[in-house]
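The chain contents come next:
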Amino acid sequence: QVQLEESGGGLVQPGGSLRLSCAASGFSFSSYGMMWYRQAPGKERELVAAITGNGMKTSYADFVKGRFTISKDNVKNTCDLQMDRLTVEDTAVYYCKSPAVGLYWGQGTQVTVSS
């Protein structure tokens with residue numbers, strides 16, 4: 001049974017940082033890339049960052065490039081998203097995702113950026 005469990009969200013002031021983590025199970029984690037998506041209230045879910053199975057290549061949406069860093073630990077089966085210089089526009093529920101899990105989505109973790 002595949003499972004993705006996001007954690008690390010919370011309330012942070014503009015300019016602050018958070019580190020999200022995704023714990024994966026039920027599939028061969030090292031064989032698949034991972035992605036982080038987010039969904040803000042009233043908006044479509046959007047891709048934030050992606051990383052290859054071996055962790056060697058990453059890509060980012062323009063709106064987070066230079067501020068967010070995705071990483072992958074194939075021993076711990078975790079995928080993290082380090083978020084720096086957060087802005088109020090980063091407020092959203094963040095989800096991790098893998099092509100290995102089909103239509104499955106975890107519960108996500110809420111990130112709120114507010115003064």
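This text follows the structure it describes.
This write-up is about the structure you can find in this document.

Parameters at a glance
Residues numbered from 1 in each chain as written. Predicted model: local features only at pLDDT ≥ 70, side-chain atom pairs only at ≥ 80, totals over all residues. Heavy atoms only, no water. Pairing = 2+ DSSP bridges. Helix = DSSP H or I, 4+ residues; strand = E, 2+ residues; numbered from the N terminus. Axes fitted to C-alpha atoms, helices over the stretch in contact; angles between N-to-C directions. Buried < 20%, exposed > 50% of the residue type's maximum accessible area, 1.4 Å probe, protein only. Lys, Arg positive; Asp, Glu negative; His and termini not counted. Salt bridge = Lys/Arg side-chain N within 4 Å of Asp/Glu carboxyl O. Polar contact = N/O pair within 3.5 Å; in protein donor to acceptor, adjacent residues only side chain to side chain. Contact = heavy atoms within 4.5 Å.

1. A look at the sheet that holds strand E9 (residues 92-97)
Turning to step 1, where the next piece is worked out: Read from one edge of the open sheet, six strands run E2-E10-E9-E4-E5-E6, paired in mixed fashion. Two strands in the sheet have a free side with no partner beyond their single neighbour: strand E2 (10-12) and strand E6 (58-60). Adjacent strand axes in the sheet meet at a mean angle of 25°, parallel and antiparallel pairs treated alike.

2. Some words on the side chain of Lys72
Turning to step 1, where the next piece is worked out: By the secondary structure assignment, Lys72 is in strand E7 (residues 68-73).
Turning to step 2, where the next piece is worked out: Asp73 provides the closest opposite charge to the buried, salt-bridge-free Lys72, at an N-O distance of 8.7 Å.
Turning to step 3, where the next piece is worked out: A distance of 2.9 Å separates the side chain of Lys72 from the backbone oxygen of Phe29, its partner in a polar contact.
Turning to step 4, where the next piece is worked out: A distance of 2.6 Å separates a polar atom in the side chain of Lys72 from a polar atom in the side chain of Asn74.
Turning to step 5, where the next piece is worked out: The contact partners of Lys72, leaving out residues within four places of it in the chain, are Phe29, Ser30, Tyr32, Met34, Ile51, Thr52, Gly53, Thr78 and Cys79.

3. Re the side chain of Arg38
Turning to step 1, where the next piece is worked out: For Arg38, the location among the structural elements is in strand E4 (residues 34-39).
Turning to step 2, where the next piece is worked out: For Arg38, a relative accessible area of 5% corresponds to the buried category.
Turning to step 3, where the next piece is worked out: Within the structure, the side chain of Arg38 is placed 3.0 Å from the side chain of Tyr94, a separation counted as a polar contact.
Turning to step 4, where the next piece is worked out: When residues no more than four places from it in sequence are discounted, the contact partners of Arg38 are Glu44, Arg45, Glu46, Val48, Phe63, Val64, Phe68, Glu89, Asp90, Ala92, Val93 and Tyr94.

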